[in-house]
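Listed below, chain by chain, are the residues.
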Amino acid sequence: MTMRRTIIRTIFAAVLGTTMAAGGAAQAQMPTAAADTTVVLGQPLTLNLGVPPAGTDCAIQAATLNAQALVLVANGQTIPGARASFGCSAKGELVGTASTSISGNGDDAAQRRAAWQTAFSGFFSLAGAKTLPVAFGPATGGITTAPKMVSIQGASDRDLGLAAIWFALVAALFLFAFFRHFGRTDAITPIAGVPMPANYRAPYSLARFQLLWWSGIVTASYVAILTIIGSMDTITTGTMALMGIVGGTSVLAAFQDRRPSDDDTRRHQHAAAYLAAAAATPPDQTAMAASLAEVYPPSQGLLPDLLSDAAGYNIHRLQLLAWTGVLGITFLYEVTRTLGMPELSANLLALTGISNGTYFGFKMQEQQVPTPTGTA
């Protein structure tokens, strides 16, 4: 795991052009961390338990503790994970070492992160170090050795800085993709004789917004978590299910947009009105402009495009947009709080599915092109 973290950090540092890669790699390869220095989670934590009582052999005492399968206990909170290892120093002092790894995506890794969060008394202290009483005890609870005060930090400043940079870069990439091109509806098929306006911009798509929103959040969170804990296995089942719901909605929405509909008939009616206005003597420029705007509906702005159709603002679009925003912010909150992808509950996924299903059901009835005036 140490070698994997070193490689990942070195690659990230090289891409960013930082000169701190060598120093960070050397720090990651430190075999132990003394109790009087700040321990960054992920480094082994070593406690000097002192010389055993007179008449007690250090080696025998170490063997006895090793047989008890003890784990770390920080601030009274048992940290599940790898067993502590005990030995004797050159001075005959009893020394115990245990892992503080918080990497991984299994239940055991989630339990370790949750335990450290509890030990930090609330939010997971990422930046500032906290001095906590640390001891060794049984995995079932309690302590066996005398507590020692240790300064512990959730993540190194360097890792946090890299994580913030990578998150910002990935998020900016998805924002650029959305506003540049990928957030708009598919190009509208031109109608012969009716020229498409210069610099025409199609309206923004709510389904595409949702897909890019979640793709950006999940991808940026994954890269940030990878930078800090060095684990590539951080995607939860709930996250995959969420992306499946969002992706499915986008596919259905695109399929619906490509189906022949009454909007196609109305577009051709507006096209006929445009050609009639153009053939008049002199050409009716006002009528031509009005008809052209209906043949090729332009973007009205981000929020109007996402929340409305030809009939105006729609409640089903508002509920999907609001739920997408709220759940996305909550998702990011959990990522920063636990240093892991949240495992979304069945109820949250069901509510997301209902929200998307409601949106698609109403979308099938939407009218994007208004009926021409005077047309039955």
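Residue positions are given per chain, counted from 1 along the sequence in the order it is written. Where totals are concerned, whole chains, interfaces and linings use all residues; where local detail is concerned, this predicted model gives features only for residues with pLDDT of at least 70, and gives and counts side-chain atom pairs only at 80 or more. To obtain the side-chain values, all non-hydrogen atoms of the structure were included, while hydrogens and water were left out.

Engineer: How should the overall build of the protein chain be read in this particular structure?
Structural biologist: By the criteria applied, helices consist of DSSP H or I runs no shorter than four residues and strands consist of E runs no shorter than two, each listed in order from the N terminus. A tally of helices and strands in the protein chain yields 12 helices and 10 strands. Buried residues are those whose accessible area, probed at 1.4 Å on protein chains only, stays under 20% of the maximum for their type, while exposed residues exceed 50% and partly exposed ones sit between those limits. Taking all 376 residues of the protein chain together, 42% fall into the buried category. For the protein chain, the proportion of contacts with a sequence separation of at least 24, taken over those separated by at least 6, is 73%. Here the protein chain displays about 18600 Å² of accessible surface, and carbon together with sulfur accounts for 64% of that area. Between two residues, a contact is recorded if the distance between any of their heavy atoms is within 4.5 Å. The accessible surface values rely on the Shrake-Rupley method and a 1.4 Å probe; as for residues, cover is taken only from the protein chains in view.

Engineer: Whenever I open this one, the pairing of strand 6 (residues 94-98) confuses me. Can you help?
Structural biologist: Along any regular strand, the residues point their side chains to alternate faces of the sheet. By the criterion of burial, strand 6 is predominantly enclosed, with 4 of the 5 residues buried. When DSSP locates at least two bridges between a pair of strands, those strands are taken to pair. For strand 2 (residues 45-50) and strand 6, the ladder comprises 5 bridges, and the chain directions are antiparallel. Counterpart to L45 in the pairing with strand 6 is A98. Sheet analysis places strand 5 (residues 85-88) next to strand 6, joined by 4 bridges and oriented antiparallel. Within the sheet, the bridge partner assigned to F86 lies in strand 6 and is G96. The loop that links strand 5 with its antiparallel partner strand 6 comprises 5 residues; one of these, G92, has a positive phi angle of about 80 degrees.

Engineer: Whenever I open this one, the sheet that holds strand 8 (residues 148-153) confuses me. Can you help?
Structural biologist: Note on sheets: strands pair through backbone hydrogen bonds, and any given pair is parallel or antiparallel. Pairing in this open sheet of 5 strands is mixed, and the strands run 1-8-7-3-4 from one edge to the other. The open sheet has two free edges, formed respectively by strand 1 (39-40) and strand 4 (77-78), since each of these has just one partner strand. Relative to strand 4, strand 3 (residues 71-74) runs antiparallel, the two being bridged by 2 bridges. Directly across from A74, in strand 4, lies its bridge partner Q77.

Engineer: It is not clear to me how the environment of P203 should be interpreted in this structure. Could you clarify?
Structural biologist: Within the element layout of this structure, P203 appears in the loop between helix 5 (157-182) and helix 6 (206-229). Separated by 17 residues in the primary sequence, P203 and D186 have C-alpha atoms spaced 9.1 Å apart. In this structure P203 touches R184, T185, P297, P298, S299 and D305, once residues within four positions along its chain are discounted.

Engineer: Is there a simple way to think about the packing of helix 7 (residues 237-258) against helix 12 (residues 346-363) in this case?
Structural biologist: Working note: a packed helix pair is described by the angle between its axes plus the distance between those axes. Contact pair helix 7 / helix 12: the axes reach a minimum separation of 10 Å and the direction vectors enclose 5 degrees. In terms of orientation, helix 7 and helix 12 fall into the roughly parallel class. Facing helix 7, whose interface residues are G238, A241, L242, I245, T249, L252, A253, Q256 and D257, helix 12 presents L349, T352, G353, N356, Y359, F360 and K363. The classification used treats Ala, Val, Leu, Ile, Met, Phe, Trp, Tyr, Cys and Pro as nonpolar, Asp, Glu, Lys and Arg as charged, and all other residues, Gly among them, as polar. The class makeup of the residues in the contact of helix 7 with helix 12 is 8 nonpolar, 6 polar and 2 charged. Throughout, an axis means a line fitted to C-alpha atoms (over the contacting stretch in the case of helices), and angles, computed between N-to-C directions, take values from 0 to 180 degrees. In what follows, roughly perpendicular refers to angles from 65 to 115 degrees, roughly parallel to angles under 35, roughly antiparallel to angles over 145, and oblique to any angle outside these ranges.

Engineer: How should the state of the cysteines be read in this particular structure?
Structural biologist: Two cysteines form a disulfide when their sulfur atoms are joined by a covalent bond. Only a pair of cysteine sulfur atoms within 2.5 Å counts as a disulfide in this structure description. Summed over the entire model, instances satisfying the criterion amount to 1 disulfide. In this model C58 forms its disulfide with C88; the gap between the sulfur atoms is 2.1 Å. Taking the sign of the S-S torsion, about -115 degrees here, the bridge from C58 to C88 comes out left-handed. Note that C58 is positioned in helix 3 (residues 58-67) and C88 in strand 5, a separation of 30 residues in sequence. Of the residues examined, C88 reaches a relative accessible area of 40% and is grouped as partly exposed.

Engineer: Is there a simple way to think about the packing of helix 6 against helix 7 in this case?
Structural biologist: Packing of helix 6 against helix 7 leaves a shortest axis separation of 9 Å and a crossing angle of 155 degrees. Put simply, helix 6 runs roughly antiparallel to helix 7. The two elements helix 6 and helix 7 meet at a crossing, and its hand is left-handed. Contacts between helix 6 and helix 7 pair A207, Q210, L211, W214, S215 and V218 from the former with T239, L242, M243, V246, G247, T249, S250 and A253 from the latter. Among the residues making up the contact of helix 6 with helix 7, the classes are represented as 8 nonpolar, 6 polar and no charged. When the near helix sits turned anticlockwise from the far one by under a right angle, the crossing is termed left-handed; a clockwise turn instead gives a right-handed crossing.

Engineer: Teacher, can you tell me more about the sheet that holds strand 5 here?
Structural biologist: Read across the open sheet, the 3 strands follow the order 2-6-5; overall the sheet is antiparallel. Looking at strand neighbours, the two that pair on one side only are strand 2 and strand 5, the edges of this open sheet. Strand-to-strand twist of the sheet, defined as the mean angle between neighbouring strand axes without regard to direction, takes the value 25 degrees. The sheet strands contacting helix 3 are strand 5 and strand 6, and the helix crosses strand 5 at an angle near 180 degrees.

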